[in-house]
Amino acid sequence: MKHSAKFSSVSSRYSFIQGCSVILLAVILLSPPLSSAQRQKNSISFRERTMNAAQQLREYRQQLRLTKENARSTSALHSEVAIRINRTAKTSSTIYYYDDIESGANGWTSAAYTGSDLWHQSILNASSATHSWWPGIELQSNYDNGARIDNALISPALDLSSAIAPVELLFTENYVTERGWDYCMVDVSTDGGTNWTHLRGGYGAAPAGGSDGWIITTLDLSAYAGQNINLRFYFD
C-alpha cells in the first residue's frame with residue numbers, strides 16, 4: 001500500500017469520545033506511483049498496470065481542474081471538512097484523546113517495515129489549520145520513491161480504562177493511491193504494538209484509490225473499552 005497519505009494534511013485530529021468516545025485524525029494521499037511492489041496473486045503485466053495508473057492519474061488531475069474551476073465560478077468555497085472540539089458545549093460524550101497535529105509529534109512515532117520511512121508532518125494540504133501526517137515526498141507531492149512503501153504511523157498509548165461503550169474513533173483523511181495495489185489500513189493493538197488487529201481491513205480489503213478530497217471517517221472501538229490501546233495508520 002503506497003499510502004500517499006496525509007493525516008490531516010496536514011491537520012490531523014484524534015479524539016476519543018465516550019457516550020460516544022472518539023479519536024480524530026486526518027490523512028492525505030497524493031498522486032499514485034507507477035511502480036509499487038507486486039503483491040497481488042492475480043497476474044497483470046507491468047505495461048497494463050502502468051496504463052491503469054496513468055489513467056487514474058489523469059482522472060485525478062481532471063478532478064482537481066474541475067474543482068478549481070468550480071471554486072472560481074462560485075462566490076464562496078464549500079466549507080472545509082474538519083473535526084473540532086467545542087470546549088464550552090455541554091455533552092454526554094467524553095473525549096479521551098485529541099490531537100490536531102499543530103503542536104509537534106506528541107508521542108506519535110513511525111515505523112518502516114520495508115525500505116525508507118516516509119511518514120512526517122506536512123503542510124502541503126490539511127483539513128484545517130496547517131499540518132497533517134503524510135507518508136510522502138514533499139518536493140514530488142507524491143510517494144513514489146521507486147521502491148515499496150511499507151510504513152506505519154503509530155499513536156502513543158491511549159487510555160480507555162474508564163471508557164464505557166460505545167467508543168468511536170473519528171478522523172479526517174484524504175487519499176489518492178494506486179487502485180488495487182496501495183492500501184490505507186487502520187489497526188489497533190492492546191499489547192503495546194507487538195500484535196495488531198485490523199479496524200477496517202488489511203491489504204487488499206482496506207480503502208485504496210481516491211477519497212475525492214477530505215472526508216470524515218468513523219471506526220468502532222467499543223470492543224476496546226476498558227483497555228489501553230495504540231492505533232496504527234498503516235500504508236503498504
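What you see is a predicted model, and the numbers here were worked out from it, not measured in a lab.

Basis of the calculations
- Residues numbered from 1 in each chain as written.
- Predicted model: local features only at pLDDT ≥ 70, side-chain atom pairs only at ≥ 80, totals over all residues.
- Heavy atoms only, no water.
- Helix = DSSP H or I, 4+ residues; strand = E, 2+ residues; numbered from the N terminus.
- Polar contact = N/O pair within 3.5 Å; in protein donor to acceptor, adjacent residues only side chain to side chain.
- Contact = heavy atoms within 4.5 Å.
- Buried < 20%, exposed > 50% of the residue type's maximum accessible area, 1.4 Å probe, protein only.
- Core = buried A, V, L, I, M, F, W, Y, C linked by side-chain atoms within 4.5 Å.
- Phe/Tyr/Trp six-rings, centres within 6.5 Å; stacked < 30°, edge-to-face > 60°.
- Lys NZ or Arg CZ within 6 Å of the ring centre and 35° of its normal.
- Salt bridge = Lys/Arg side-chain N within 4 Å of Asp/Glu carboxyl O.

## Some remarks on the side chain of S189
Examined against the element boundaries, S189 turns out to sit in strand β11 (residues 184-189). One polar contact links S189 to D191, side chain to side chain, over a distance of 2.8 Å. At a separation of 2.8 Å, a polar atom in the side chain of S189 contacts the main-chain carbonyl oxygen of N195. If sequence neighbours within four positions are ignored, S189 has contacts with T194, N195, W196, N228, I229 and N230.

## What about unusual backbone geometry?
Backbone torsion omega between A165 and P166 reads 5 degrees, so that peptide bond is classified as cis. The topology assignment puts P166 in the loop between β9 (158-159) and β10 (167-175). If you check the backbone angles, I101 has positive phi at about 65 degrees while not being a glycine. Along the chain, I101 turns up in the loop between β4 (94-99) and β5 (109-114). Positive phi outside glycine occurs at D212, with the angle close to 60 degrees. Turning to its location among the elements, D212 is positioned in the loop between β12 (197-198) and β13 (215-220). By relative accessible area, D212 is classed as exposed at 59%.

## Description of the nonpolar core
In this structure, L169, V186, L199, L221, I229, L231 and F233 are the most contacted members of the largest nonpolar core, which totals 21 residues. Elements with a minimum of two residues in this core: β10, β11 and β14 (228-235). If you look at the next biggest cluster of nonpolar residues, it comprises eight residues, including A111, I154, Y183 and W196.

## Examining the packing of aromatic side chains
Under the defined criterion, the tally for this structure stands at five aromatic pairs. With 5.0 Å between their ring centres and 85 degrees between their planes, Y143 and F235 make a pair best called edge-to-face. Pair noted here: Y143 is in the loop between β7 (132-135) and β8 (150-154) and F235 is in strand β14, with a separation of 92 residues, a long-range link. Side by side, Y143 and F235 carry an identical accessibility label, which is buried. Centroid distance Y183 to Y203: 4.8 Å. Interplanar angle 70 degrees. Geometry classified as edge-to-face. Remark: Y203 occurs in the loop between β12 and β13 and Y183 occurs in the loop between β10 and β11; sequence separation between them is 20 residues. Assessed through its relative accessible area of 7%, Y183 is described here as buried. Residue class for Y203 comes out partly exposed when judged on its relative accessible area of 24%. Here the guanidinium or amino end of R49 rests over the ring plane of W181, the centre of that ring lying 3.6 Å away.

## Observations concerning the pattern of salt bridges
The tally for this structure, following the rule as stated, stands at six salt bridges. R200 is paired through a salt bridge with E173; the nearest N and O atoms lie 2.8 Å apart. Remark: E173 occurs in strand β10 and R200 occurs in the loop between β12 and β13; sequence separation between them is 27 residues. The closest approach of N and O atoms between R232 and D187, which form a salt bridge, is 2.6 Å. Placement of R232 in strand β14 and of D187 in strand β11 is noted, with a sequence separation of 45 residues between them. What makes R232 buried here is its relative accessible area of 9%. Assessed through its relative accessible area of 0%, D187 is described here as buried. Salt bridges linked by common partners bring R148, D150 and D236 together as one network.

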